[in-house]
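# Descriptive analysis of the structure
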Amino acid sequence: MSNPFHASFGVSPPLLVGREQVIQDFEEALEDGPGSAGRATLYTGARGSGKTVMLNAIEGRARERGWLVVSETATAGFIDRITTQHLPRLLRDFDPAAVRRRLTGVTAPLRIGGVTWETIEAHVIQAGLRNQIEVLTDLLVDHDTGILITLDEIHRNQIADLRELATTVQHAFREGRELAFVGAGLAAGISDIVNDDVLTFLRRAERHTLGTVSRSEVERAFREPIEAAGRKIGSAALSTMVDGADGYPFLLQLVGAQTWRLHPQEQVITEDDATEGVRRALRRLGTLVHEPALSDVSAIDKMFLMAMARDDGPSTMGDVQRRMDVVANYASQYRLRLIAAELIHSTRRGYVDFSLPYLREHLREQAAVDS
Ligand SMILES: Nc1ncnc2c1ncn2[C@@H]1O[C@H](COP(=O)(O)OP(=O)(O)OP(=O)(O)O)[C@@H](O)[C@H]1O
Ligand SMILES: [Mg+2]
């Protein structure tokens with residue numbers, strides 16, 4: 001029986017759980033029309049919290065409603081890709097004569113008669129982002145739908161392209177066009193750019209933090225795909241898997257995949273399978289999540305994290321500061337940096353805790369190896 005779970009970044013899970021409200025908010029924004037706050041939305045969350053698959057999910061919902069979707073990642077040249085590939089491709093599906101009629105208003109007039117799509121496309125590309133969106137949203141008015149643009153991995157590195165996109169989206173919103181924008185990124189990347197002057201519409205965008213998923217949701221995310229794929233699991237084994245996943249979406253898939261593959265031909269997933277599956281999943285978590293997450297932090301950030309790892313639960317800032325042997329002001333600067341990097345969060349006044357599951361254990365192991 002084939003494994004329903006895949007622990008791969010960006011790969012949609014067999015069952016997406018715990019995000020119904022966020023998806024519903026997006027659908028309402030589409031229904032509510034131009035001017036609805038959710039027409040500009042941002043998803044943030046730690047590595048592996050499910051940002052990319054949420055974009056996949058809402059893209060699916062938009063398509064079901066007949067919306068056209070431009071799905072991009074904020075790497076170098078994304079505006080170019082939108083204007084030379086995505087939008088021309090979407091325009092190609094329309095009556096070329098209709099596209100040509102719209103375009104003549106925005107670029108040099110095309111000679112009528114015997115015009116192939118290639119010659120029209122040259123004009124489409126030349127029209128640029130703003131005009132292409134205008135042509136496309138005009139054409140879509142007859143279909144009662146619009147365009148959704150999604151942008152994953154938003155980061156300050158692409159600030160120039162982001163500004164161009166922002167200006168266009170803002171303009172389209174002002175004109176009441178049927179356009180929606182949904183972006184995703186780590187909180188640090190997002191807060192860097194929402195403070196940019198040109199990107200004011202992003203500051204007003206609806207923000208959703210994709211956090212951990214509740215126990216009962218994690219249970220469903222295991223049980224339903226297991227049963228749909230033709231196997232069974234008892235409550236003790238299920239409970240072991242749920243404990244192991246710790247509410248964290250990526251780990252959920254990792255535990256599922258590792259547990260399943262132990263005895264894929266057996267009808268029942270046993271408690272032993274679940275225990276071994278969790279053990280294997282946690283061993284992989286270090287290379288797949290912790291190490292990449294720690295690769296950008298400075299030596300002092302790391303010292304802060306190591307100081308926290310000595311506690312079994314949330315740490316007080318007083319203890320961290322003492323263990324680091326620094327002044328309070330200094331420690332609190334690092335606290336802010338690590339919160340922005342989504343490695344830690346504040347649990348209550350004066351306390352911090354790790355945001356990634358098993359990061360504490362990972363750091364302790366590292367400390368043991370180092371010493
Ligand atoms: N709500 C969910 N329910 C079940 N599985 C989920 C959920 N969200 C994400 N996953 C699974 O978790 C894994 C990570 O998801 P995804 O790649 O979307 O994370 P991400 O936040 O985009 O990570 P990164 O910051 O590295 O880009 C995938 O295997 C995905 O199938
Ligand atoms: Mg992602």
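Since we're looking at a predicted model, the values are computed, not measured.

What counts and how
- Residues numbered from 1 in each chain as written.
- Chains lettered and ligands numbered in written order.
- Predicted model: local features only at pLDDT ≥ 70, side-chain atom pairs only at ≥ 80, totals over all residues.
- Heavy atoms only, no water.
- Helix = DSSP H or I, 4+ residues; strand = E, 2+ residues; numbered from the N terminus.
- Buried < 20%, exposed > 50% of the residue type's maximum accessible area, 1.4 Å probe, protein only.
- Contact = heavy atoms within 4.5 Å.
- Pairing = 2+ DSSP bridges.
- Axes fitted to C-alpha atoms, helices over the stretch in contact; angles between N-to-C directions.
- Near = heavy atom within 4 Å.
- 1 Å grid on protein atoms, 1.4 Å probe; cavity = no way out; pocket = protein on both sides within 12 Å on 5 of 7 lines; lining within 4 Å.
- Sits in = over half its atoms within 2 Å of the grid points.
- Nonpolar A, V, L, I, M, F, W, Y, C, P; charged D, E, K, R; others polar.
- Domains from an automatic or database assignment.
- Parallel < 35°, antiparallel > 145°, perpendicular 65-115°, else oblique.
- Left-handed = near helix turned anticlockwise from the far one by under 90°.
- Buried area = accessible area lost by both parts, 1.4 Å probe.
- Salt bridge = Lys/Arg side-chain N within 4 Å of Asp/Glu carboxyl O.
- Polar contact = N/O pair within 3.5 Å; in protein donor to acceptor, adjacent residues only side chain to side chain.
- Core = buried A, V, L, I, M, F, W, Y, C linked by side-chain atoms within 4.5 Å.

We now examine the overall build of the protein. Looking only at helices and strands, one finds 16 helices and 10 strands in the protein. Dimensions of the protein, computed from C-alpha atoms along their principal axes, come out at roughly 75 × 60 × 35 Å. Residues counted as buried form 48% of the 371 residues belonging to the protein. For the protein, the proportion of contacts with a sequence separation of at least 24, taken over those separated by at least 6, is 74%.

Glancing now at the sheet that holds strand β9 (residues 344-346). Spatial strand order, β8-β10-β9: three strands in an open sheet with antiparallel pairing. Among the strands making up the open sheet, the edge pair consists of β8 (315-316) and β9. Docked against the sheet, helix α15 (residues 328-340) engages β9 and β10 (351-354), running at close to 115° with respect to β9.

To continue, consider the sheet that holds strand β5 (residues 206-209). Taken in spatial order, the five strands of this open sheet run β2-β3-β4-β1-β5, and their pairing is parallel. Whereas interior strands pair on both sides, the edge strands pair on one side only; in this sheet they are β2 (68-73) and β5. Between one strand axis and the next, the sheet turns through 15° on average, direction left out of account. The strands touched by helix α6 (residues 159-174) are β1 (40-44), β3 (147-152) and β4 (179-185); relative to β4, the strand with the most contacts, the crossing angle is about 145°.

With that settled, the discussion passes to the site of ligand 1. As a matter of local geometry, ligand 1 sits amid 22 residues, with G10, V11, V17, K51 and T52 nearest to it. In a pocket analysis with a 2 Å cut-off to the grid points, ligand 1 is assigned to the largest pocket. Those elements that provide at least two residues to the shell around ligand 1 are α2 (51-64) and α11 (249-260). Among the residues forming the shell around ligand 1, the class breakdown is 10 nonpolar, nine polar and three charged. Counting only domains with at least three residues in the shell around ligand 1, you end up with domain 1 (20-209) and domain 2 (215-293).

Another point: the packing of helix α9 (residues 215-228) against helix α10 (residues 235-245). Running from amino to carboxyl end, α9 crosses α10 at an angle of 120°, the nearest separation of the two axes being 10 Å. On the basis of the axis angle, α9 is oblique to α10. Relative to α10, α9 is oriented so that their crossing is right-handed. Packed against α9, whose contacting residues are R215, V218, E219, F222 and R223, the element α10 presents L238, S239, M241, V242, D243 and A245 at the interface. Along the lines of polarity and charge, the residues of the contact of α9 with α10 split into six nonpolar, one polar and four charged.

The subject of this paragraph is the domain arrangement of the protein. Partitioning the protein into domains gives domain 1 (20-209), domain 2 (215-293) and domain 3 (297-370). Summarising the inter-unit geometry, the C-alpha centres of domain 1 and domain 3 are found 39 Å apart. Counting residues at the interface gives seven residues for domain 1, matched by four residues for domain 3. Overall, the association of domain 1 and domain 3 removes approximately 370 Å² of surface from exposure, summing both partners, and the carbon and sulfur fraction of that is 58%. Three residues, A46, A187 and A188, lead the burial of domain 1 against domain 3; their summed loss comes to 71% of the area buried on that side. Scanning the region where domain 1 abuts domain 3 turns up zero salt bridges. At the surface where domain 1 touches domain 3, the tally comes to three residue pairs in polar contact (both at pLDDT 80 or more). Of the residues contributing to the side of domain 1 that touches domain 3, the split by class is four nonpolar, two polar and one charged.

Take the nonpolar core next. Grouped together as the largest cluster of nonpolar side chains are 50 residues, with contacts concentrated most on F222, F304, L305, L343 and I344. A domain split of this core shows at least three residues from each of domain 2 (215-293) and domain 3 (297-370). Ignoring anything within four residues of it in the chain, the contact list for F222 reads F5, L238, M241, V242, A245, L252, V255 and G256.

Counted according to the given criterion, the structure contains 21 salt bridges. One salt bridge connects E27 with R65, and the closest N-O pair in it is separated by 3.1 Å. Placement of the pair is E27 in helix α1 (residues 20-32) and R65 in the loop between α2 and β2, with a sequence separation of 38 residues. Exposure remark for R65: the relative accessible area of 30% places this residue in the partly exposed category.

Let us look at the side chain of R177. Relative to the helices and strands, R177 is located in the loop between α6 and β4. Among the polar contacts listed, one links the side chain of R177 to the backbone oxygen of E134, at a separation of 3.4 Å. Residues in contact with R177, not counting those within four places in the same chain, are P34, R39, E134, T137, D138 and A172.

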